[in-house]
Amino acid sequence: MNKYLKIFYNGIIPSNPVLVLLLGMCATLGTTSSAYNGLMMGVATAAVLVCSNVVISLIKSFVPDKVRIPAFIVVIATFVTVLQLVVNAWMPALNASLGIFIPLIVVNCILLGRAEAFASKNGMFASLLDGLGSGIGFTFALVLLGGVREIFGTGKIFGTEIFPEDYGMLLFVLAPGAFIALGYLIAIVNKIRKSC
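Below you will find a few notes about this structure. (Residues numbered from 1 in each chain as written. Predicted model: local features only at pLDDT ≥ 70, side-chain atom pairs only at ≥ 80, totals over all residues. Heavy atoms only, no water.)

Here the focus is the packing of aromatic side chains. In total, this model carries 2 aromatic pairs according to the counting rule given. With 5.0 Å between their ring centres and 70° between their planes, Tyr4 and Phe125 make a pair best called edge-to-face. Taken as a pair, Tyr4 in helix α1 (residues 3-12) and Phe125 in helix α7 (residues 124-154) lie far apart in primary sequence, 121 residues in all. Residue class for Tyr4 comes out partly exposed when judged on its relative accessible area of 33%. Residue class for Phe125 comes out partly exposed when judged on its relative accessible area of 45%. (Phe/Tyr/Trp six-rings, centres within 6.5 Å; stacked < 30°, edge-to-face > 60°. Helix = DSSP H or I, 4+ residues; strand = E, 2+ residues; numbered from the N terminus. Buried < 20%, exposed > 50% of the residue type's maximum accessible area, 1.4 Å probe, protein only.)

Let us look at unusual backbone geometry. A positive phi angle is found at Leu22, which is not glycine, with a value near 60°. Its place among the elements puts Leu22 in the loop between α1 and α2 (25-31).

The structure is reproduced here in structure tokens:
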């Protein structure tokens, strides 16, 4: 497999941030009450991840080792601030829906982990692919979890009715439903990974 394709693919399935590495649980459990919220949170996080990975890979040789973590956090926080201002200005409904979870992208360990483990040691193109792969993997996991919770909780997915809401289970709309659904999804992914 091509080196760059392997870097990109690694974040999507073999090292999926949520379903395999169990990173970013706060955003994962807090924003996946619907597939749409999961998609938007995943896209927002992926955008910040790609941009911060690229910038960190470009500035890595200028940042002293003693301040590299704070420098990485400043880069990530800059992109999160820009993202929050854009969402607040042009998508107020999404801003209300995701609330505090947009600014919390700064402390999402996926971003700092990829910055420290990959972007600070590799070139710009490889870091871009790593950020894109991990971002797509994170988005996939959030949409999957949000979709499961939305279908079982409300009988809909992306606003389209699958079955009448009367048959939905309130548990899946509430916080405990996030833990239950995520636990089953992780178990299914582990079973699939062991059988391959």
